[in-house]
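Breakdown of the fold
What follows is each chain in one-letter form.
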Amino acid sequence: MLAQRSYAARARSVVSARPSAFTRRAPLKCFAQRDNLQLATAKLPAATSVPAFATAMYNWAATLTASGANYPFALPLQVDRLPTGFKISMLKAVTKGQFGSAADIEATVEEVAGEGSVLFVRFYAGPAADADRKAGAAPADPTARLEALISGLVDVDTIMQTMPRAIRKAVQIASTA
């Protein structure tokens with residue numbers, strides 16, 4: 001079990017699109033008024049077209065379950081396009097016939113002063129995170145709560161393990177666009 005959870009144990013690692021990756025800054029207690037864990041960062045080359053990169057990354061996220069290499073996921077996934085990236089929601093049943101997001105992985109490209117375009121990958125708890133909680137109340141500390149949630153979601157490992165290759169491919173596509 002420990003070997004399987006190795007990625008979640010080091011969830012706040014750096015994903016590098018190039019050897020000179022942007023240094024990590026994790027965990028962030030609050031970004032845009034939501035508690036999150038920063039899973040990865042990648043500094044994009046200066047010649048990268050951000051819209052083309054965001055589209056390539058969204059296409060990768062939207063086809064995760066269609067490739068067969070990553071199938072099946074433990075939870076259903078919903079992928080939404082964001083202006084400069086994507087959001088993957090891991091869904092749980094909350095009531096009969098109703099689903100809610102247990103957790104979200106958001107990847108967005110942001111401009112960082114002195115660094116240029118940087119991809120940030122963040123993990124957020126969703127509204128249905130505690131829908132079927134059996135082990136008492138969630139930890140009060142936001143970081144501990146998110147760490148407990150991420151350790152229980154096996155799909156995070158699969159998604160994050162396939163992301164470095166997707167980032168490199170998206171950089172390649174967006175540099176020629």
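Residues numbered from 1 in each chain as written. Predicted model: local features only at pLDDT ≥ 70, side-chain atom pairs only at ≥ 80, totals over all residues. Heavy atoms only, no water.

**As for the overall build of the protein chain**
Put simply, the rule is: Runs of H or I in DSSP of at least four residues are treated as helices and runs of E of at least two as strands, each being numbered from the N terminus. Only protein chains enter the accessibility calculation, which uses a 1.4 Å probe; a residue is then buried when its area is under 20% of its type maximum, exposed when over 50%, and partly exposed in between. Residues are treated as being in contact if the distance between any of their heavy atoms lies within 4.5 Å. Computed with the Shrake-Rupley method and a 1.4 Å probe, the accessible areas treat only the protein chains shown as cover for residues.
Scanning the protein chain from N- to C-terminus turns up four helices and five strands. When the helices and strands of the protein chain are placed in sequence order, the string is α-β-α-β-β-β-β-α-α. Looking at the protein chain as a whole, 43% of its 177 residues qualify as buried. Partitioning the intrachain contacts of the protein chain with sequence separation of at least 6 by distance along the chain shows that 59% fall at a separation of at least 24. For the protein chain, the accessible surface area stands at approximately 9200 Å², while carbon and sulfur atoms represent 55% of it.

**A few points about the confidence of the model for the protein chain**
Note the threshold: What pLDDT conveys is the predictor's confidence in a given residue, as a value from 0 to 100.
Per-residue confidence for the protein chain gives a mean pLDDT of 77, with 73% of residues at or over 70. By mean pLDDT, helix α1 (residues 6-9) is the weakest element of the protein chain at 38, and helix α2 (residues 50-62) is the strongest at 95. Segment residues 1-32 is flagged for pLDDT under 50; beyond a separation of four residues in sequence, or across chains, it makes 76 contacts in the model.

**Comments concerning the pattern of salt bridges**
Put simply, the rule is: Salt bridges are defined as contacts in which a side-chain nitrogen from Lys or Arg sits within 4 Å of a carboxyl oxygen from Asp or Glu.
Using the criterion set out here, one finds three salt bridges in the structure. Residue E115 pairs with K43 through a salt bridge whose shortest N-O separation is 3.7 Å. Taken as a pair, E115 in the loop between β4 (98-112) and β5 (116-125) and K43 in strand β1 (residues 37-43) lie far apart in primary sequence, 72 residues in all. Judged by relative accessible area, which is 31%, E115 ranks as partly exposed. Taking the shortest distance from any N to any O, the salt bridge between E110 and R122 comes out at 2.8 Å.

**Notes on the nonpolar core**
This is how the line gets drawn: Here the nonpolar core consists of buried residues drawn from Ala, Val, Leu, Ile, Met, Phe, Trp, Tyr and Cys, with membership extended through side-chain atoms lying within 4.5 Å.
By size, the foremost hydrophobic cluster in this structure holds 40 residues, and its most contacted members are F53, M57, W60, F86, V121, F123 and M163. Of all the elements in the fold, those that place two or more residues in this core are β1, α2, β3 (85-95), β4, β5, α3 (142-151) and α4 (154-176). If you tally residues by element for this core, the top one is α4, at nine residues. With near-sequence residues (within four places) excluded, V121 lies in contact with L37, Q38, L39, A40, I105, E106, A107, M160 and M163.

**Here we look at the sheet that holds β1**
Quick note on the threshold: Strands pair, by our definition, only if DSSP identifies at least two bridges between them. To obtain each axis, a line is fitted to C-alpha atoms, and for helices this fit is confined to the stretch in contact; angles are then taken between N-to-C directions over 0 to 180 degrees.
Sheet architecture is open: five strands sit in the order β1-β5-β4-β3-β2, paired in antiparallel fashion. A single partner strand is all that each edge strand has here, and the edge strands are β1 and β2 (77-82). Shown here is a sheet whose adjacent strand axes are inclined to one another by a mean of 20°, direction ignored. Across the sheet, α3 lies against β1, β4 and β5, angled at about 80° from β5, the strand it touches most.

**Observations regarding α3**
To be explicit about the condition: The directions from the helix axis to the C-beta atoms are what the arc is built from.
Residues T143, L146, L149 and I150 constitute the buried set of α3. Seen along its axis, α3 keeps its buried residues to an arc of 130°; they face one direction.

**Things to note about the packing of α2 against α4**
Keep this limit in mind: We call a crossing left-handed when the near helix sits turned anticlockwise from the far one by less than a right angle, and right-handed when that turn is clockwise. Any residue outside Ala, Val, Leu, Ile, Met, Phe, Trp, Tyr, Cys, Pro, Asp, Glu, Lys and Arg is labelled polar, Gly included; the first ten of those are nonpolar and the last four are charged.
The contact between α2 and α4 brings their axes to 9 Å, and the two run at 145°. In this structure, α2 meets α4 at a crossing whose hand is right-handed. Every residue of α4 that contacts α2 at A52, F53, A56, M57 and W60 is listed here: I159, T162, M163, A166, I167, A170, V171, I173 and A174. Class assignment of the residues belonging to the contact of α2 with α4 gives a composition of 13 nonpolar, one polar and no charged.

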